[in-house]
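What the coordinates show
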Protein chains: 2
Amino acid sequence: MAKVADKYLKVDPWAIIEEGFDPERNRTSESIFSLGNEYMGVRGYAEEGYSGDMLLGSYFNGLNEQLDIGKHYKGIITSLRYMVNSVDWLYTRISLEGETLDLARSKISDYTRRLDFQTGTYQRDLVWHLESGKSLHITFTRLVSMTMTHLGLQQVTFKPLNFSGSIEVCSGLDFGIIHEERGENMWNVLCTSESDEISAIMASTVNTGNKLFSAFTLQSPQTLNTTRVVKDKFIGQRFSMELTQGESTHFTKLAVNCSDTDSSKSAYDLWQEGMELTITTGKLEASVVFSDQASYWSGIWETSDIQIEGDPENQQGIRFCIFQLYQTYHGDHPGFNIGAKGLTGEVYRGLAFWDTESYCLPFYMFNNPKAAKSLLEFRYKTLSQAMQRAEDVDCKGACYPIATIDGTESCDLWQHSNLQLHVGTAVSYGIWHYVNITGDRDFLFSKGVEMLIQISRFYATRGQWGQRSGEYGYYGVMGPDEFQLMVNNNCYINLMAKKSFEYTLDSIREMKLAAPEVFAEITLKTGLEEQELDDWSDKAERMRIPQDPESGVYEEHDGFFDMPHMDIHSIPVTEFPLYSNWSYDRLYRYDMIKQPDVLMFMFLYSGQFSKESKLANYEYYEPRCIHESSLSPSIHSILAAEIGKPDEAYKFFEFATRLDLDNYNRNTREGLHTTSIAAAWMNIVYGFGGMRSDGSVLSFQPSLPEKWTSYSFQVLYEGVLLRVAVDQSKVSLTAVTGGSAEVLVYGQKLLVNATGAELPLGKGMAVK
Amino acid sequence: MAKVADKYLKVDPWAIIEEGFDPERNRTSESIFSLGNEYMGVRGYAEEGYSGDMLLGSYFNGLNEQLDIGKHYKGIITSLRYMVNSVDWLYTRISLEGETLDLARSKISDYTRRLDFQTGTYQRDLVWHLESGKSLHITFTRLVSMTMTHLGLQQVTFKPLNFSGSIEVCSGLDFGIIHEERGENMWNVLCTSESDEISAIMASTVNTGNKLFSAFTLQSPQTLNTTRVVKDKFIGQRFSMELTQGESTHFTKLAVNCSDTDSSKSAYDLWQEGMELTITTGKLEASVVFSDQASYWSGIWETSDIQIEGDPENQQGIRFCIFQLYQTYHGDHPGFNIGAKGLTGEVYRGLAFWDTESYCLPFYMFNNPKAAKSLLEFRYKTLSQAMQRAEDVDCKGACYPIATIDGTESCDLWQHSNLQLHVGTAVSYGIWHYVNITGDRDFLFSKGVEMLIQISRFYATRGQWGQRSGEYGYYGVMGPDEFQLMVNNNCYINLMAKKSFEYTLDSIREMKLAAPEVFAEITLKTGLEEQELDDWSDKAERMRIPQDPESGVYEEHDGFFDMPHMDIHSIPVTEFPLYSNWSYDRLYRYDMIKQPDVLMFMFLYSGQFSKESKLANYEYYEPRCIHESSLSPSIHSILAAEIGKPDEAYKFFEFATRLDLDNYNRNTREGLHTTSIAAAWMNIVYGFGGMRSDGSVLSFQPSLPEKWTSYSFQVLYEGVLLRVAVDQSKVSLTAVTGGSAEVLVYGQKLLVNATGAELPLGKGMAVK
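What you are looking at is a predicted structure, and each value in this text was computed from that prediction instead of being measured.

Now for the overall build of chain A. When helices and strands are counted, chain A shows 19 helices and 31 strands. In terms of overall dimensions, chain A is globule-like: its C-alpha atoms have a radius of gyration of 27 Å, near the 27 Å expected for 768 residues. Counting the 768 residues in chain A, one finds 64% classified as buried. The contacts of chain A with a sequence gap of at least 6 include a subset with a gap of at least 24, amounting to 67%. When the accessible surface of chain A is totalled, it reaches about 25600 Å², and 47% of it is carbon and sulfur. In chain A, which carries 67 positive and 101 negative side-chain charges, the distance between the mean positions of the two groups comes to 1 Å.

Below, the structure is given as structure tokens:
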């Protein structure tokens with residue numbers, strides 16, 4: 001992996017700190033300093049306006065616009081939905097003596113940014129040196145409330161260092177923002193209103209009619225004599241503030257944003273709802289909002305912190321990951337999902353992929369099971385779209401989209417949207433994994449089984465029988481490894497479909513006994529026929545799983561073993577990323593893989609493969625993997641830790657927690673690798689912690705990287721918050737709250753309670 | 001093959017005749033009644049204006065516009081060139097008593113169209129019944145001169161049946177035409193000029209700056225007092241004509257069109273050239289132009305006619321094919337090629353495919369060797385673009401584009417333009433085939449070898465070595481069979497590349513001896529190194545040609561034999577064409593093929609495969625072929641005739657000559673299947689005539705379809721025009737002109753001279 005760190009942030013256990021302003025890194029920092037609360041997100045852009053290179057990004061989860069992409073062959077999508085850049089509710093302009101603050105033009109010093117994991121705030125400090133010689137210290141603080149979904153708070157503090165006088169401010173709400181990929185503004189303003197107290201504006205997206213209400217109130221120790229400012233797609237207030245040398249003064253903007261992501265609310269209702277919320281929140285004191293936010297984060301860290309001793313960089317890195325995961329999603333809204341870049345940029349269009357179930361779900365299952373369930377409920381909510389998609393591609397049941405914001409397929413590359421079948425199996429795996437850990441039969445019976453039936457139907461109609469082999473499998477597919485574009489019998493898809501059939505059949509068997517009446521309803525609703533069960537059973541049993549009998553290596557797809565060999569180390573560093581530097585067709589004709597495929601299913605169903613089998617497959621595939629997906633290294637790290645390759649485990653981990661902080665892929669400017677952040681969590685918990693959650697009991701096989709003194713993490717399991725602490729000599733497990741739970745540690749059954757238990761660190765388990 | 005004839009044209013041995021006007025079939029007829037002279041073509045549209053559904057199509061060979069299609073992955077084209085709809089030089093409007101003639105609105109009777117193969121003219125007759133009760137017979141005659149490249153002639157004759165009076169006419173040149181696919185006009189007018197004699201206009205395409213000059217002069221037995229008409233992108237003359245009951249009067253428009261297809265001429269030069277030509281041609285008498293045209297066609301039929309006794313429909317059909325082939329291309333312009341729809345429609349964008357060398361070249365080789373050479377020279381002229389394309393896709397040498405008008409790749413579907421490699425081998429086969437028949441070493445040494453070297457270089461860099469097999473081949477390709485989208489070791493490509501290497505090496509060996517000095521120049525020019533020759537030799541020798549050892553069936557690509565089986569007869573007729581009715585991805589996961597692939601190379605290198613091998617492969621692939629390419633049935637017919645399946649040979653032939661006349665594919669409205677028309681010629685000559693041209697001597701194995709009394713065709717071979725006549729008892733061969741030639745008939749050597757030779761019709765050779 002030709003990845004090199006670009007280190008420019010200060011290392012701190014509880015914050016991200018940047019000192020000095022670097023225009024070249026501005027977009028990267030905008031991504032890193034993003035704030036969000038699952039409902040909305042804002043990049044860390046300069047709200048006072050910036051004439052240099054920036055991406056003013058303000059996003060609302062699920063709020064989407066449509067792009068028509070024209071007629072094509074049947075089964076290829078003709079339009080897509082994307083997360084649209086929305087209101088700039090932080091809009092502020094600051095003028096003094098005719099100069100307007102602009103980091104690209106103004107003389108400034110002492111610039112710092114700070115993203116604080118404990119207070120959940122983002123703060124920028126700077127000293128503005130005017131032409132007249134006057135110096136003004138300004139502090140911009142913002143937060144997006146984790147508890148009051150619709151609330152964003154901005155506080156701007158002025159401290160004149162060598163003068164007294166007055167400053168002009170314009171604070172507003174700007175719907176005139178450009179969606180960068182489209183190069184245009186996608187909003188029609190529906191109405192605006194202003195009173196002395198509240199400025200409000202509501203707009204809707206041009207094609208989908210999704211609506212967004214935005215309003216703000218201002219607070220200040222000074223009386224602000226405001227003048228209204230109305231421009232195209234903009235509403236605001238202009239005011240001046242008196243400054244006294246050496247003294248701080250400030251104003252606070254409380255912004256309320258209410259989105260309607262499926263055009264279901266009337267404009268009137270949304271306006272009413274927004275105005276009522278604005279009136280209520282307008283009465284809040286800023287200090288209350290700040291302390292409420294800190295208190296929320298304090299609770300999160302109590303449950304979900306990971307502590308690493310002896311490695312301040314990764315300590316900071318993993319907390320950044322956990323912080324951003326919670327900011328992106330915490331399950332308060334069942335209609336939301338996790339875009340590949342969360343709410344931090346336009347790239348990947350705000351779309352959710354299989355990453356949700358395969359990479360993010362475990363984090364939520366073991367930290368916030370309600371959120372895990374909400375993620376699965378997103379798939380239930382969008383079942384009808386998946387059924388429509390299956391019909392569109394001449395199949396039955398439900399074909400879950402490879403990329404979606406609202407349930408409709410939104411990937412405009414047919415080779416992905418029509419050939420990649422691994423979202424359905426990811427959903428089915430997610431249901432199984434969630435139920436296996438939480439035991440939530442309510443969910444399984446009320447929603448899970450219905451999804452499983454429709455998913456199995458899809459895999460029973462998309463697959464075919466080999467003419468010579470007589471085996472069942474999938475032809476014309478692309479597996480998770482996107483460097484093999486259109487192949488037959490991708491081993492991952494075949495195995496996952498087999499498992500999906502089996503789990504569907506098992507669940508139906510269980511439900512017939514446990515909840516026959518609900519099952520009868522589902523049978524009626526889905527039109528399920530007994531012969532379908534026989535068909536799925538037959539297809540599961542005769543599923544083609546190509547494997548070399550001698551070496552035990554699974555063949556990624558039919559013919560993979562004869563693919564021309566590429567020594568990936570012979571590729572010059574300048575040719576990475578290959579997507580940019582190689583002809584598109586050239587990527588697909590080697591035994592070179594982009595990300596784990598065989599190794600992925602060996603991780604997901606870890607218990608079903610021997611260590612020897614994992615070793616053989618790791619040794620075959622690892623040298624062929626180019627990790628051009630940011631999801632890739634962590635899976636390798638986890639497997640390397642298990643099969644006794646501690647050096648490699650640590651080598652692959654090096655990119656995990658600081659992928660964005662050190663901008664390893666040189667594209668953090670586009671947004672954070674949000675779903676890879678979840679892989680970083682897995683890398684520690686499943687990798688060094690050796691946790692496995694695919695058995696009947698949760699198990700651990702902890703090891704300690706040589707560079708670390710100790711580490712600890714916590715997982716919620718069967719209602720118990722288990723703390724696992726590992727140091728150079730021992731592994732300690734404690735039930736922090738909630739009674740006791742039985743787990744396996746190094747294969748030994750252990751009942752962990754509040755008193756805790758200690759075992760010596762496993763032999764040979766120190767990771768170099 | 002679920003193909004049903006839509007018969008509506010009268011059967012006539014020397015003409016296409018339609019009686020009555022059917023708006024539903026108007027576009028189909030526009031295609032069928034197309035005129036062309038290789039330099040330009042016009043659809044058979046109503047030049048007097050028509051408010052119903054029509055495609056006003058006027059095309060100039062090679063004249064192209066550019067469409068930018070946006071950034072994509074590296075190696076995928078970002079713009080394409082297409083044949084742009086050009087000036088309506090036939091523009092005419094006819095008014096009488098305030099009514100304007102319009103077939104959609106006017107009352108008409110006695111409507112007929114006639115395309116005459118002997119005179120090379122298209123004539124429409126109608127009687128226009130005015131509201132006042134007046135009836136006027138109008139005859140529109142047009143031709144595009146085969147000898148005077150730039151000249152188009154239109155003659156409009158009026159004969160009032162029951163009145164005398166005057167009629168208003170506006171005749172003009174309209175650049176305001178819409179390119180239907182783009183939905184817009186693609187022309188900027190550069191200048192116009194009018195004198196009493198000449199109206200002229202010149203325009204250029206918006207993006208490519210290709211220029212087109214158009215001018216006309218009018219002739220009439222009446223003195224025409226013309227008034228100039230100037231509108232946007234239009235220039236014309238308005239005049240009235242006196243009509244006397246029962247008498248005919250007419251006017252003639254002589255239009256001169258000069259194109260600049262590569263923006264190489266200055267506007268001034270083109271204007272001068274055009275005006276000089278217009279002055280000259282303006283002096284021509286229409287009768288001279290008509291007789292010149294008839295005389296040209298008389299010469300063509302002397303050389304190239306095919307006569308079929310006992311089957312008037314196919315007699316008409318094959319003459320239509322020969323007529324359209326000559327109209328589309330006859331080799332006077334080395335920079336031109338043959339678009340898939342010739343000069344008759346916008347679909348396929350006027351682009352040339354491998355069809356040129358694989359399907360069209362034989363017709364020209366045996367009828368007009370100069371034209372065959374010109375086609376190959378097009379590839380030489382565009383060698384530099386092919387070399388650029390190879391570089392774009394990370395290869396060396398020359399990668400000939402899958403679809404092109406000017407040498408640049410213009411197929412915007414990457415799966416075709418990046419994966420289909422069979423144009424290069426088609427060019428290399430074309431060179432070999434042409435040289436094999438004509439013995440033209442001049443061409444081979446001056447241009448052919450240089451192309452062969454660059455083609456071999458491409459195939460030596462695009463291919464790879466199988467990791468297990470140790471064999472050389474092509475990964476990630478689409479063969480001629482477009483129902484297998486991305487496969488490894490397509491048998492056709494591998495075999496054709498092997499042959500291409502071998503022919504390159506043979507030619508180099510020959511040239512080293514025969515023309516060492518020229519070879520030295522080419523070596524220098526191409527930077528050829530000796531080790532490349534060893535490399536090509538090695539790759540040819542170790543080329544993977546997958547074949548089942550027991551059955552002798554070649555495997556279309558690695559894994560084809562295990563592809564899920566599709567009983568193509570089980571597909572409901574309503575699902576054809578599958579491209580429109582099946583999800584795109586579904587097309588590609590069966591053992592169903594779109595067109596011959598293995599059978600194609602068995603036809604091209606016929607002499608190298610035994611009849612048994614052909615039989616085995618035919619019996620395997622024929623039941624799997626769906627013929628969704630119009631190029632497909634004829635190849636099957638030719639092979640069926642050879643392997644003793646006369647019924648099938650005739651069944652597949654049924655679509656050949658009348659594919660467009662009977663609109664079998666229901667898309668003739670889009671334009672003619674021009675390259676399939678060439679396959680119809682091959683179907684008779686190579687199929688029933690059993691001609692083979694891939695050996696050292698031309699050979700024949702004639703058979704007679706049971707429904708025919710007799711047939712004859714002629715081929716130019718070694719400077720001799722050979723006539724082959726077959727009736728129910730015998731085969732007669734005569735050297736019509738040019739001395740004598742040695743051929744094989746039923747395996748016997750025969751020296752054919754002017755006296756001729758007769759053999760009994762081969763045993764079992766009557767095709768049912």
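Another point: the nonpolar core. One finds Phe158 and Trp681 of chain B to be the most contacted residues of the largest nonpolar core, which totals 234 residues. Counting 232 residues, the second-largest nonpolar core is a separate cluster that includes Ile308, Leu421, Cys625 and Ile638 of chain A.

Residue and element names in this part refer to chain B. Taking strand neighbours across the sheet as the criterion, the 5 strands line up as E20-E25-E26-E27-E30 in an open arrangement whose pairing is antiparallel. In the strand order of this sheet, the two ends are held by strand E20 (307-309) and strand E30 (757-760), each with one partner. The average undirected angle you get between the axes of adjacent strands in this sheet is 20°. Note: E20 against strand E25 (residues 710-717), 3 bridges, orientation antiparallel. By the bridge assignment for E25, Ile308 is matched with Tyr711.

Moving on to the interface of chain A and chain B. How big an interface is tends to be expressed through the accessible area that disappears when the partners come together. With 45 residues of chain A in contact, the opposing surface of chain B contributes 45 residues. For the pairing of chain A and chain B, the buried interface totals around 3900 Å² over both sides, and the portion due to carbon and sulfur atoms is 52%. On the chain A side of the contact with chain B, Gln467, Asp562 and Arg589 of chain A bury the most area, a combined 17% of that side's loss. Between the two partners, chain A and chain B, sit 6 salt bridges. For Asp394 of chain A, the salt bridge is made with Arg586 of chain B, and the minimal N-O distance between the two is 2.8 Å. Counting every contact that joins chain A to chain B gives 26 residue pairs in polar contact (both at pLDDT 80 or more). When residues of the side of chain A that touches chain B are traced back to their parent elements, those giving at least two are helix H8 (414-417), strand E21 (464-465) and helix H14 (578-581) of chain A.

With that out of the way, let us pick up the UniProt feature "domain: Glycoside hydrolase family 65 C-terminal" (unreviewed entry) in chain A. In the numbering used here, UniProt assigns the feature "domain: Glycoside hydrolase family 65 C-terminal" (unreviewed entry) to residues 691-751 of chain A. Segment residues 691-751 of chain A splits into 0% helix and 61% strand. End C-alpha atoms: 16 Å apart.

As a further point, take the environment of His673 of chain A. Residues and elements named next belong to chain A. Mapped onto the elements, His673 comes out in the loop between helix H18 (646-653) and helix H19 (674-688). On the accessibility criterion, His673 (7% relative accessible area) is buried. As for His673 and Gly552, which are separated by 121 residues in sequence, their C-alpha atoms are 34 Å apart. A polar contact of 2.7 Å, which involves the side chain of His673, links it to the side chain of Asp660.

This paragraph deals with the UniProt feature "domain: Glycoside hydrolase family 65 central catalytic" (unreviewed entry) in chain A. Here the UniProt-annotated "domain: Glycoside hydrolase family 65 central catalytic" (unreviewed entry) positions come out as residues 319-682 of chain A. Structurally, residues 319-682 of chain A is divided into 51% helix and 1% strand, and its ends, taken at the C-alpha atoms, are 13 Å apart.

For the rest of this paragraph, the subject is the domain arrangement of chain A. Examined at the domain level, chain A breaks down into domain 1 (15-301), domain 2 (350-545) and domain 3 (547-556 + 593-661 + 674-768). Placing a centre on the C-alpha atoms of domain 1 of chain A and another on those of domain 3 of chain A gives a separation of 40 Å.

Residue and element names in this part refer to chain A. What the 9 strands build is an open sheet, ordered E1-E9-E10-E11-E12-E19-E16-E15-E14; its pairing is antiparallel. In this open sheet, the two strands that pair with only one neighbour each are strand E1 (15-19) and strand E14 (187-194). Each neighbouring strand pair of the sheet contributes to a mean axis angle of 15°, computed without reference to strand direction. Sheet topology places strand E15 (residues 199-205) next to strand E16 (residues 211-219); 6 bridges connect them, and they run antiparallel. Across the sheet, the residue bridging to Ser204 is Lys211, located in E16.

Residue and element names in this part refer to chain B. Secondary-structure assignment places Arg319 in helix H4 (residues 312-328). Under the relative-accessibility criterion, Arg319 is labelled buried at 4%. A polar contact is formed between the side chain of Arg319 and the side chain of Asp305, at a distance of 2.8 Å. Residues contacting Arg319, with those up to four places away along its chain left out, are Pro13, Trp14, Phe117, Trp301, Asp305, Ile306 and Gln307.

It is worth spelling out the packing of helix H11 (residues 491-514) of chain A against helix H13 (residues 530-541) of chain A at this point. All names here are of chain A. Packing of H11 against H13 brings their axes to within 8 Å, and their N-to-C directions diverge by 140°. Between H11 and H13, the crossing angle belongs to the class labelled oblique. By crossing handedness, the relation of H11 to H13 is classed as left-handed. The residues of H13 that touch H11, namely those facing Lys498, Phe501, Glu502, Thr504, Leu505, Ile508 and Lys512, are Glu530, Leu533, Trp536, Ser537, Lys539, Ala540 and Glu541. Looking at the contact of H11 with H13, its residues break down into 6 nonpolar, 2 polar and 6 charged.

Any two side chains of opposite charge can pair, given that their charged atoms come close. Taken as a whole and judged by the stated rule, the model has 100 salt bridges over all chains. In this structure, Arg124 of chain B engages Glu47 of chain B in a salt bridge whose closest nitrogen and oxygen atoms are separated by 2.9 Å. Here Arg124 of chain B, found in strand E10 (residues 121-129), pairs with Glu47 of chain B, found in the loop between strand E3 (40-42) and strand E4 (58-60); they are 77 residues apart in sequence, far enough to count as distant. Take Glu47 of chain B: its relative accessible area is 1%, and that puts it in the buried class. Linked through salt bridges whose partners overlap, the residues forming this network are Lys7, Glu313, Arg658 and Asp662 of chain A.

Let us look at the state of the cysteines. What we call a disulfide is simply a covalent bond connecting the sulfur atoms of a pair of cysteines. All names here are of chain A. Using the criterion set out here, one finds 0 disulfides over all chains in the structure. In this structure Cys258 is not part of a disulfide, and its nearest cysteine sulfur, from Cys191, lies 13 Å away. No disulfide involves Cys321; its sulfur sits 11 Å from that of Cys360, the nearest cysteine.

Looking now at the relation of the copies chain A and chain B. Between the two copies, chain A and chain B, the superposition gives an RMSD of 0.0 Å; the rotation angle is 180° and the shift along the axis is 0.0 Å. Such a combination of rotation and displacement between the chain copies is what one expects of a two-fold axis. Across chain A, the smallest distance between a C-alpha and the rotation axis is recorded for Met486 of chain A, namely 3.1 Å.

Attention shifts here to the pairing of strand E19 (residues 249-260) of chain B. All names here are of chain B. Among the 12 residues in E19, 11 count as buried, and that is most of the element. Direction of pairing for strand E12 (residues 151-160) relative to E19: antiparallel, over a ladder of 8 bridges. Across the sheet, the residue bridging to Phe158 is Thr249, located in E19. As judged from the 9 bridges shared by strand E16 (residues 211-219) and E19, these two strands associate in the antiparallel manner. Note that in E19 the partner of Thr217 across the bridge is Leu254.

The next thing to look at is the side chain of Thr356 of chain A. All names here are of chain A. Along the chain, Thr356 turns up in helix H5 (residues 355-365). The buried category is assigned to Thr356, whose relative accessible area is 0%. The residues contacting Thr356, other than those within four sequence positions of it, are Asn337, Ile338, Leu361, Leu375 and Arg379.

Cis geometry is adopted by the peptide bond preceding Pro577 of chain A, which originates at Phe576 of chain A and carries an omega value of -5°. Positionally, Pro577 of chain A belongs in the loop between H13 and H14. At Asp110 of chain B, a residue that is not glycine, the phi angle is positive and equals roughly 55°. Summarising the element assignment, Asp110 of chain B is placed in strand E9 (residues 107-116).

Moving on to the layout of surface pockets. Its boundaries defined by the atoms lining it, the second largest pocket holds a volume of some 650 Å³. When the residues that make up the lining of the second largest pocket are grouped by side-chain class, the tally is 14 nonpolar, 10 polar and 9 charged.

Moving on, we get to the environment of Cys170 of chain A. All names here are of chain A. Assignment of secondary structure puts Cys170 in strand E13 (residues 165-174). As for Cys170 and Thr227, which are separated by 57 residues in sequence, their C-alpha atoms are 9.1 Å apart. Not counting chain neighbours up to four residues away, the residues in contact with Cys170 comprise Tyr91, Thr92, Arg93, Val229, Phe234, Gln237 and Arg238.

Calculation criteria
- Residues numbered from 1 in each chain as written.
- Chains lettered and ligands numbered in written order.
- Predicted model: local features only at pLDDT ≥ 70, side-chain atom pairs only at ≥ 80, totals over all residues.
- Heavy atoms only, no water.
- Helix = DSSP H or I, 4+ residues; strand = E, 2+ residues; numbered from the N terminus.
- Rg over C-alpha atoms; globule rule 2.2 N^0.38 Å.
- Buried < 20%, exposed > 50% of the residue type's maximum accessible area, 1.4 Å probe, protein only.
- Contact = heavy atoms within 4.5 Å.
- Areas by Shrake-Rupley, 256 points an atom, 1.4 Å probe, with all protein chains shown as cover.
- Lys, Arg positive; Asp, Glu negative; His and termini not counted.
- Charge placed at Lys NZ, Arg CZ, Asp CG, Glu CD.
- Core = buried A, V, L, I, M, F, W, Y, C linked by side-chain atoms within 4.5 Å.
- Pairing = 2+ DSSP bridges.
- Axes fitted to C-alpha atoms, helices over the stretch in contact; angles between N-to-C directions.
- Buried area = accessible area lost by both parts, 1.4 Å probe.
- Salt bridge = Lys/Arg side-chain N within 4 Å of Asp/Glu carboxyl O.
- Polar contact = N/O pair within 3.5 Å; in protein donor to acceptor, adjacent residues only side chain to side chain.
- UniProt positions renumbered as here; feature names shortened; annotations may be inferred.
- Domains from an automatic or database assignment.
- Parallel < 35°, antiparallel > 145°, perpendicular 65-115°, else oblique.
- Left-handed = near helix turned anticlockwise from the far one by under 90°.
- Nonpolar A, V, L, I, M, F, W, Y, C, P; charged D, E, K, R; others polar.
- Disulfide = S-S within 2.5 Å.
- Least-squares fit on C-alpha atoms with pLDDT ≥ 70 in both.
- 1 Å grid on protein atoms, 1.4 Å probe; cavity = no way out; pocket = protein on both sides within 12 Å on 5 of 7 lines; lining within 4 Å.
- Points joined across faces, edges and corners; volume = space filled by probe spheres on them.

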